[in-house]
Every structure is written in C-alpha cells, then in structure tokens.
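An overview of the molecular structure
Listed here are the chains, written in short residue letters.
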Amino acid sequence: VQLQASGGGLVRAGGSLRLSCEASGNIRRIGVMAWYRQAPGKERELVAVITSYETTDYGDSVKGRFTISRDNAKNTVYLQMNRLKPEDTAVYFCSGVIVSDTGTDDYWGQGTLVTVSS
C-alpha cells in the first residue's frame, strides 16, 4: 500500500491550491484519512481529518479556509486550500488508516511542498 500526494506548488497569498492523495495497492478498506503539515523549524501539525463517514475536523488555523473531502471510488482524499497565507507554507503530508490483506496499518505519503508568497 502506498499514498501518493500531489498538487503542491508556489502560490501568492490569497490564492488557492488543491492537494490530492491517492492510495494504491492491496486495499480492502480505507478508514480515517488526514492531512498534516510541517513548516521549517516547526513540529508537524494536523491540518484536517475526514472519517469514512465523511465527518470532518480542522486545525484552528485553517478553519473556514480549507476543505477536506474524499472520493472512495478513487481511494483519494483532497485538500482544497483557499485564501492561502504565507504562514501556510509547509510540506503537506497525507495519512490514512488502511485495511489490506496483511492487516490494518497507518500509512503516510511522501509530502508535497506548498509555498505561499506574500
């Protein structure tokens, strides 16, 4: 099982980006999926989480600006980021609880860099 994140890039403050994270491999079921981020010199923080029932929650710093969603048919989770700020600059990681033939494990994507210029 692998998670592949994409969609990062350079954007001006106030702009938007959409991140995607696709799970592939021997997948039976995907449970909770989440996006985290880590800025230089800072600890990794939770950005948004979505359950298999599509219940969502967000970190305080992104509420009202970011939206997490999932497409179960495509084994993909998205993060729509609007009204971006320079402080949103970070490497964004996706994670998921995935059930495969070998059991249930937490998986992480490789990270995608988001840079917001002022």
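Up top you'll find the structure we're talking about.
I will try to describe carefully the structure that is included in this document. (Residues numbered from 1 in each chain as written. Predicted model: local features only at pLDDT ≥ 70, side-chain atom pairs only at ≥ 80, totals over all residues. Heavy atoms only, no water.)

For Asp105, the position within the fold is in strand β10 (residues 103-108). Apart from residues lying up to four places away in sequence, Asp105 is in contact with Gly96, Val97 and Ile98. (Helix = DSSP H or I, 4+ residues; strand = E, 2+ residues; numbered from the N terminus. Contact = heavy atoms within 4.5 Å.)

Let's shift gears to the sheet that holds strand β7 (residues 66-71). Spatially, the four strands line up as an open sheet ordered β1-β3-β8-β7, and their pairing is antiparallel. Each having just a single partner strand, β1 (2-6) and β7 make up the two edges of the open sheet. Shown here is a sheet whose adjacent strand axes are inclined to one another by a mean of 15°, direction ignored. Of the strand pairs in this sheet, strand β3 (residues 17-24) and strand β8 (residues 76-81) are connected by six bridges, and their pairing is antiparallel. Bridge pairing in β8 places Arg18 opposite Gln80. (Pairing = 2+ DSSP bridges. Axes fitted to C-alpha atoms, helices over the stretch in contact; angles between N-to-C directions.)

Using the criterion set out here, one finds five salt bridges in the structure. A salt bridge links Asp101 to Arg28; the shortest N-O distance between them is 2.6 Å. In this pair, Asp101 sits in the loop between β9 (90-100) and β10 while Arg28 sits in strand β4 (residues 27-38), placing the two residues 73 residues apart along the sequence. Under the relative-accessibility criterion, Asp101 is labelled partly exposed at 47%. The partner of Arg65 in a salt bridge is Asp88, with the nearest N and O atoms 2.7 Å apart. Residue Arg65 is located in the loop between β6 (56-58) and β7, and its partner Asp88 is located in the loop between β8 and β9; the two are separated by 23 residues in the primary sequence. The same class applies to Arg65 as to Asp88, namely buried. Residues joined in a network through salt bridges with shared partners are Arg37, Glu45, Arg65 and Asp88. (Salt bridge = Lys/Arg side-chain N within 4 Å of Asp/Glu carboxyl O. Buried < 20%, exposed > 50% of the residue type's maximum accessible area, 1.4 Å probe, protein only.)

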